[in-house]
Amino acid sequence: MSGVYEWDPGEANPKQKLFFASRKLYTGYGGAKGGGKTWAVRTKALLGAYNYPGIRILVMRRTYPELQSNHIEPMLKLVRPELASYNGSLHTLYFVNGSLIHFGHWAGEESELEYNGQEYDWIFLDEATQFTWRAFQFLGGLLRGVNDFPKRFYVTCNPGGVGHRWVKRLFIDRDFITNRENPEENENPEDYLFIPATVEDNAALLKSSPGYLRMLSAMPENLRRAYRYGDWDALGGNYFPELSEALHVSPPFQIPRHWRRYRAFDYGLDMFACAWFAVDEQGRSWMYREYSESGLIVQDAARAMLERTLPGERIEATFAPPDMWSRQKDSGRTMAELFFECGVPIQRAANSRVQGHMMIKEMLARRPDGRPSLLFFENCRQTLDDVRDIQADERQPNDCAREPHEVTHRVDALRYYCVSRVESAAEGEASAAGEGEGISYDEFITGRAPRDGYLNYGGILR
Ligand SMILES: Nc1ncnc2c1ncn2[C@@H]1O[C@H](COP(=O)(O)OP(=O)(O)O)[C@@H](O)[C@H]1O
Ligand SMILES: [Mg+2]
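No experiment lies behind these values; they were computed from the predicted model shown. (Residues numbered from 1 in each chain as written. Chains lettered and ligands numbered in written order. Predicted model: local features only at pLDDT ≥ 70, side-chain atom pairs only at ≥ 80, totals over all residues.)

Section: the overall build of the protein
1) Next: Per the secondary structure count, the protein includes 17 helices and 15 strands.
2) Next: Per-residue burial over the protein gives 41% buried out of 462 residues.
3) Next: Pairs at least 24 residues apart make up 70% of the contacts formed inside the protein by residues separated by at least 6 positions. (Helix = DSSP H or I, 4+ residues; strand = E, 2+ residues; numbered from the N terminus. Buried ≥ 20, exposed ≤ 12 C-beta atoms within 10 Å, placed from the backbone. Contact = placed C-beta atoms within 7 Å.)

See the structure below:
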């Protein structure tokens, strides 16, 4: 079946019209909350499905409940039943003209597996600042297909969120990356258009909910500037705004042999993230190496850690999450035992999230000499990105958000180091060096709070 269906979605506001008219590869639309972005996404997706028989459209939102209430339900009310039918288990609306709209939400690495190999002509990312840079890049890879439909990526956004930085960089700052070695990877400024939205654009909303503006105006200053006026400098929402390239990031240098070295990691099958640190004469910590990989069993994680630790590097201790000491249901053993058997004895880090995150903050703060206690070699890019992007927990602002899960692993590894570091410094680090008292295997596997002597255990075994 071909042809164009008659459908009157109602009058679009001027910004929505610009959004509909954009012919760019990437169209950003946003700023204020309530400008009519989600309405524009629904309407544009439906118009596309009706007017381009056979087109494949993906509408994404971060969580399923948001997807359900903002897109699936309203869209099902809009479509004429004789023109399309909805498959609830596939979350896909199939049109009789061969078009389809798939509704998706993003669950991190799992979603990468789910979407791998799929192809779409248009992708809508609603509330894009809730998505990580990695998710955006991944989804961009789905924008392909051997047909004549122009490929389009539509991004709607409010300031604040884990994706604040990449959305602002591409659409507000237009600070595009050029890659001299691979010019085909260059971001082409011509491909990007941004349409700023304000609440005032949405006459329909102001008419139906006159209290909305009052509600926005009553918000704290930074939220009001972000949500009412779409001010991208008002709100990052990030937990570690103090992290600064100038203050905390250093080109790599040869680390003196006598600096003590430590490792810390976060482990799960979804992600193993390991960080290496060296401590200078003033007790400053320098994170000098990072490694992360998903899908590693303990043996592989241990091997990866050992392979990336150079022969001359003596690691005083490897700090690990407390759940490494939980007994596995089937084997009755702990991961700590497994790491131990693979040549990596580990030391249990304290689990207090709030305290641990505060500790990172303490270490990022300047000392009286003007320099912080924690610095990063610039090659630790992924860790730096995650520390910059991770958000404060909305319900508990003293803590980091646990979602999206994919940005938490490297920050967790850093946290395990920082809490353990502060603890071992308090216990008198000097006594930890050289005096190999050790602890028993039993003590080790119970994850008993380590004594100083334990810090040498890694040295004995390796
Ligand atoms: N052109 C329009 N015509 C009628 N109602 C609209 C229009 N644009 C937006 N709305 C309504 O205004 C409200 C807010 O719009 P929405 O798209 O949810 O804003 P945003 O996603 O930018 O926060 C919704 O109830 C939406 O249905
Ligand atoms: Mg919306």
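A short note on the site of ligand 1
1) Next: Neighbouring ligand 1 are 15 residues, the closest being Gly36, Lys37, Thr38, Trp39 and Ala204.
2) Next: Mapped onto the shell around ligand 1, the elements with two or more residues apiece are α2 (37–51) and α7 (203–208).
3) Next: At three residues, the largest contribution of residues to the shell around ligand 1 is made by α2.
4) Next: Residue composition of the shell around ligand 1, grouped by class: four nonpolar, eight polar and three charged. (Near = placed C-beta within 6 Å. Nonpolar A, V, L, I, M, F, W, Y, C, P; charged D, E, K, R; others polar.)

Quick word on the pairing of strand β15 (residues 374–377)
1) Next: Side chains of β15 alternate between two faces, with Leu374 and Phe376 and Leu375 and Phe377 buried alike.
2) Next: The pairing of strand β9 (residues 249–250) with β15 spans two bridges and is classified as parallel. Among the inter-strand pairings, Ser250 is bridged to a residue of β15, identified as Phe377.
3) Next: Both strand β12 (residues 285–293) and β15 contribute to a ladder of three bridges, which runs parallel. The residue bridging Trp286 from the neighbouring strand is Leu375, located in β15. (Pairing = 2+ DSSP bridges.)

Concerning the sheet that holds strand β10 (residues 260–267)
1) Next: Spatial ordering of the open sheet is given by β9-β15-β12-β11-β10-β13-β14, a layout of seven strands whose pairing is mixed. Two strands close off the open sheet at either side, each with one partner strand: β9 and β14 (347–348).
2) Next: Where strand β13 (residues 315–320) lies against β14, two bridges are found, and the strand directions are parallel. Bridge assignment links Phe319 to a residue of β14, and that residue is Gln347.
3) Next: Relative to the sheet, helix α11 (residues 298–307) contacts β10, β11 (272–279) and β12, its axis offset from that of β10 by approximately 155 degrees.
4) Next: Packed onto the sheet, helix α14 (residues 381–389) meets β9, β11, β12 and β15 and runs at close to 95 degrees relative to β12. (Axes fitted to C-alpha atoms, helices over the stretch in contact; angles between N-to-C directions.)

A short note on the confidence of the model for the protein
Caution is warranted with low-pLDDT regions, since their predicted coordinates should not be read in detail.
1) Next: Per-residue confidence for the protein gives a mean pLDDT of 88; residues scoring 70 or more make up 90%.
2) Next: Long-range and interchain partners of residues 429–445, a stretch whose pLDDT sits below 50, account for 26 contacts in this model, where long-range means more than four residues apart. (pLDDT = per-residue confidence, 0-100.)

Some details on the sheet that holds strand β7 (residues 152–157)
1) Next: Across the sheet, which stays open at both edges, the eight strands sit in the order β3-β4-β5-β2-β6-β7-β1-β8 with mixed pairing between neighbours. The outermost strands of the open sheet, each flanked by one partner alone, are β3 (84–87) and β8 (192–197). Ignoring strand direction, the axes of neighbouring strands in this sheet form an average angle of 15 degrees.
2) Next: As defined by bridge partners, strand β1 (residues 26–31) adjoins β7 across five bridges and the pair is classed as parallel. Along β7, the bridge assignment pairs Thr27 with Tyr154.
3) Next: In this fold helix α6 (residues 164–172) packs onto β1, β7 and β8, with an angle of close to 105 degrees to the strand it touches most, β8.

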